[in-house]
Amino acid sequence: MIQLVLEQALNGLQFGLMLFLLAAGLTLVFGIMDCINLAHGSLYMVGAYFVAAAAQAADSFWIGLGAGVAGAAVLGLLLELSLFRQLYKRDHLSQVLATFALILIANEAVRWIWGPAALMLNPPEALSGPVEIGGFFYPAYRLVIIAFGLAVAGLLYLLVAKSRVGMWVRAGASNREMTEALGINVQGLFTAVFVFGAALCALAGGLLGPLLAVQVGMGESVLILAFVVIIIGGIGSIRGALVGSLIVGTVDTLGRALLPTLLRALLPADAAATLGPALASILIYLLMAGILFFKPQGLFPARA
Amino acid sequence: MAFYRPATYQKPVVLALLLALLALPPALTAFGQEFYIGFATRVLIFALAASSLNLVLGFGGMFSLGHAAFFGAGAYAAAICMSSGIADALLAFPLAMAAAGLLALVVGAISLRTRGVYFIMITLAFAQMAYYLFVSARSWGGDDGLPLASRMMLGGFSLTSDSALFYATLGCLALVMVFFGRLADARFGRVIQAIRENETRMEALGYPVFRYRLICFALGGALAGLAGALLANLTGLASPNLLQWTQSGTLLVMVIIGGVGYLYGGVVGAVILLMLEESLVGVTEHWHIALGLLLLGVVLFAPKGVAALFGKRHD
Amino acid sequence: MSLRLTALAAALMLAGSAHAADQIKVGLVSTLSGPGAGLGVDIRDGFNLAMKHLNGKLGNLPAEVLIADDQQNPDIAKQTADKFLKKDKVDFMTGIVFSNIMLAVGPAVFQNQTFYISANAGPSQYAGEQCNPFFFNVAWQNDNLHEAVGKIVQDKGYKNVVIVTPNYPGGKDAVSGFKRYYKGKVADEIYTKLGQLDYAAELAQIRATKPDALFFFLPGGMGINFVKQFVAAGLSRDTQLFAPGFSADEDVIKAVGSSMMGMFNSSHWAHDMDNAENKRFVADFQKEYGRLPSLYASQGYDAALMMDAAVRDVKGKVEDKAALQKALEAKRFKSVRGDFKFNTNHYPVQNYYLRAIGKDAQGRVTNKTMGTIFTNHADAYVASCKMK
């Protein structure tokens, strides 16, 4: 029983860190540039396709991951220079329309190039099985995701909290005009942040490829989760994104694991069988609505 | 800025269009193109749904990304009415509007505590919850949806023929548009627009801002419910697909294309988007790319929407 | 002389009464975009390959196939079907993948008295009380593949089974289909969120339950996610995986790879089935599209053959609905799955086979047929069908 709880906690952590990889880029773009990017999920999808294609060509997961992330960064750069730069100044409605259009284009373009069937992306042979930790087996590859997630979180913390660039980023997130007035090249900063966000997306897509289907439309389901995370955490806050990810990851995992059992103990079997899974499906949305009810700006609002 | 009404010179245009629409079903029948009556009905229904979102978004300044929940709730309410023996639209449609409006009232009461992006996302979250609940609700058909045994009656008239449903939809849309026009000038309309422009001032003046917004949001939800009930009659089905977040996105796209806050913005947007879809589908399998590029074009070159290109602003 | 006269007389008679059509129009509505597109594309490609084999003709008449995307949206599917029925006045319709879309489109098609040849969707409604003379299913009833899995799990002597399906009525139907033939202990029924990505929580639960076999019904991307994570968790060592054929078909294998080896699944067709029609179909499909056909492709192919045979049977007089219905019921084409016949509810009575994923002679990871699970199996709803 203790092992099971431990394993589920680890699962929650892993799911949370995977969400963090996505949410980190999204919250920065959102917070600093005040730009709603629905196409963030599409960058994740395209990144996963890049990684899968490169990994197949090079016959190595790690080379594929590096190449795919680099490719997505280049794509991010092109998108920023050609389109997003024009969108920052516009209202949220225009941003939603433009990035909704990008989703349509990205999904169809990917299907055109790689076909409608899902692509294969497998973990390196050595990591494909489970390993034994503390008396139970755990997929080695999920441990890799946990390691990557912690490393990225640490790196981002150092970058944002300790470095000069990070100071600009934080300044930009809390007051853009003032930062500009202080003579910081906000345009260049925006480009850098957007490209970094795109690379993080591809990293998440590539890392999750061996666990999830690399297929058209994979971006949308993940996009909504990432939005939930940054809303809970507070837009523009890396710390909020991390805390939000871990909360969502844990609540979702534990909800799925425990709710059906719990309800079975409390309710008649019939009602529990209907209610349990339905409740587990909407748990994180309930959580988000609840948090916003008490904290309308999320847990760690970046903007004063 | 005011809730843009058609300038006086546009009135003849609107009347002419209305007359043309009245003549549409017989004309299509005469040319053997009956199929397009159903298509035109669908366009009108989406025009109504998009207009209801425009009320919330353009009029009330509330950026909701969960409007499909009310659209879908209306469709389900109609189907549930039908299966429990209420086959008269005169009763079923108001019930559908009440159900959707009530849902909007609850969602709004919680969501309106938040602002900006948080409001966008919390409305989306509620719509997602509704979607998952309808998908798993076995007694309402789950993902198969809830079929209607037949189309409803409207008073003594049957809506079974495509033309009848077309005229009923046209009537609903016309009534709603007249109502919107009146609303803009009424006290409620002036207050809610003032709130959109400067919330703090209106609060300071002692207006119950929250209540005004909530009523506007619920009204938009109820009208979306009416559109949903009409669509359930057209397709003979209430399906959870109607509640998907992409459906909310589509309605939003219609309003933005048409022109946020323009009286006919929702109508123009629905007509343009659905006609584009209908004509692009036949041209290429990859029509999503073409549609996406066109939408990008609208954002970059017609940022205020298409209605803005024609409509003179009325301040 | 007399021969010529008879021919002339026959021609005059044809012209007089229900005269033969000069062209056959088919409306193919399928899911060709979005996450479910792979299935629809396979049906379309299978159908098109058959049209190529038939030299573009159905029953010796030139045929036009109109193809449209339903975007996996019932509302759009209905509109497209209306266009085919009212504007293009098609003689047959086919192509729909998903049952919920079929149920949305069905009433309009039947009301218009147009024959629908389903190349996949087999809802229980149309097999039972709502069965319709104008609906034919040339694939299988939705429960059939689950029933076959239940039977083989029972026969192989597994005693402790966990079932995983999404939380929606289709998933619950799969469970009841499975349990119709599996009588052993069900240790747990796990209902997951529709479109769920991560299954770690469920897998931990499964590990704790220690089942000897696991049956999952997770269509599309969900199944791919689940299998990948199941294998990574090392559960395949102690637990035998079972799934309906479409969750272990060529498109899924292509996405998951060799870790699927050893998995069992049920199907009414397999690409290695030993008959001349199937060999030609599989070889030409690979030549034409560069991939192995899935069972969806085989169903699309059969749908075209079925129309061809029936049109030929009625000598092109497709206006005579009663005769056309008889011809369709007679099923005079050679299916790539081997012989089968139609039940009174217009669903197939056919064999279901056990397939296992392994390496073929060329070293490809693919399905191998292992044996027969059901012989001449009918669906569970036929008794409540009162066909008019």
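If you're wondering where the values come from, they're calculated on a predicted model, not measured in any experiment.

Concerning the overall build of chain C
Helix and strand counts for chain C stand at 13 helices and 14 strands. The C-alpha radius of gyration computed for chain C amounts to 22 Å, which stays within 12% of the reference 21 Å derived for 388 residues, consistent with globular compactness. Across the 388 residues that make up chain C, the buried fraction comes to 61%. Within chain C, residue pairs in contact and separated by at least 24 positions form 72% of the contacts whose partners lie at least 6 positions apart.

Describing helix α10 (residues 238-266) of chain A
Taking 1.5 Å of rise per residue, 29 residues should cover 42 Å, and α10 of chain A covers 39 Å from first to last C-alpha, within 8% of that figure. Of all the bends in α10 of chain A, the greatest, near 40°, is centred on Leu258 of chain A, and the proline Pro260 of chain A appears no more than four residues after it.

Concerning the packing of helix α6 (residues 162-185) of chain B against helix α9 (residues 209-235) of chain B
Residue and element names in this part refer to chain B. Interaxial distance between α6 and α9 falls to 11 Å at its minimum, and their mutual angle equals 175°. Taken together, the axes of α6 and α9 lie roughly antiparallel to each other. In this structure, α6 uses Leu165, Thr169, Cys172 and Val176 to contact α9, whose residues at the interface are Leu223, Leu226, Leu230, Asn233 and Leu234. Class assignment of the residues belonging to the contact of α6 with α9 gives a composition of seven nonpolar, two polar and no charged.

Side note on the sheet that holds strand β6 (residues 135-137) of chain C
Residues and elements named next belong to chain C. With mixed pairing, six strands are arranged side by side in an open sheet as β2-β3-β1-β4-β5-β6. Looking along the sheet, the strands with just one partner apiece sit at the ends: β2 (57-58) and β6. Judged from the three bridges that link them, strand β4 (residues 92-94) and strand β5 (residues 115-118) form a sheet pairing that is parallel. Each residue of the ladder has a partner; that of Thr94, found in β5, is Ile117. Packed on one face of the sheet, helix α2 (residues 37-53) meets β1 (24-30), β3 (61-69) and β4 and runs near 160° to β1.

A closer look at the interface of chain B and chain A
Listed as interface residues are 33 residues of chain B and, on the opposing side, 34 residues of chain A. Looking at the side of chain B that touches chain A, the elements that each hand over two or more residues are α5 (116-136), α10 (245-258) and α12 (287-301) of chain B. The element best represented in the side of chain B that touches chain A is α5 of chain B, accounting for eleven residues. Its residues assigned to classes, the side of chain B that touches chain A shows 24 nonpolar, seven polar and two charged.

Examining the interface of chain A and chain C
Of the residues lining the interface, 36 residues belong to chain A; the matching set on chain C comes to 31 residues. Sorting the residues of the side of chain A that touches chain C by element identifies α1 (2-33), β2 (136-139), α9 (218-233), α10 and α11 (269-294) of chain A as the ones contributing at least two each. Here the side of chain A that touches chain C takes six residues from α1 of chain A, the largest share from any one element. Here the residues of the side of chain A that touches chain C sort into 22 nonpolar, eleven polar and three charged.

Quick word on the confidence of the model for chain C
Segments scoring low in pLDDT should not have their predicted coordinates read at a detailed level. Residue and element names in this part refer to chain C. Across chain C, pLDDT averages 89, with 95% of residues at or above 70. Ranking the elements of chain C by mean pLDDT puts helix α1 (residues 2-16) last with 47 and β4 first with 97. When the criterion is pLDDT under 50, residues 8-17 qualifies, and its contacts beyond four places in sequence or with other chains add up to two contacts.

Things to note about the nonpolar core
Among the nonpolar cores identified, the biggest contains 361 residues, and Ala72 and Ala226 of chain A together with Leu48, Ala78, Ala100 and Leu226 of chain B are the most heavily contacted of them. Excluding residues within four positions of it along the chain, Leu226 of chain B makes contact with Leu48, Gly74, Phe93, Ala96, Met97 and Cys172 of chain B.

Conventions adopted
- Residues numbered from 1 in each chain as written.
- Chains lettered and ligands numbered in written order.
- Predicted model: local features only at pLDDT ≥ 70, side-chain atom pairs only at ≥ 80, totals over all residues.
- Helix = DSSP H or I, 4+ residues; strand = E, 2+ residues; numbered from the N terminus.
- Rg over C-alpha atoms; globule rule 2.2 N^0.38 Å.
- Buried ≥ 20, exposed ≤ 12 C-beta atoms within 10 Å, placed from the backbone.
- Contact = placed C-beta atoms within 7 Å.
- Expected span 1.5 Å × (residues − 1).
- Bend = angle between axes of the 7 residues up to and from the residue.
- Axes fitted to C-alpha atoms, helices over the stretch in contact; angles between N-to-C directions.
- Parallel < 35°, antiparallel > 145°, perpendicular 65-115°, else oblique.
- Nonpolar A, V, L, I, M, F, W, Y, C, P; charged D, E, K, R; others polar.
- Pairing = 2+ DSSP bridges.
- pLDDT = per-residue confidence, 0-100.
- Core = buried A, V, L, I, M, F, W, Y, C linked by C-beta atoms within 7 Å.

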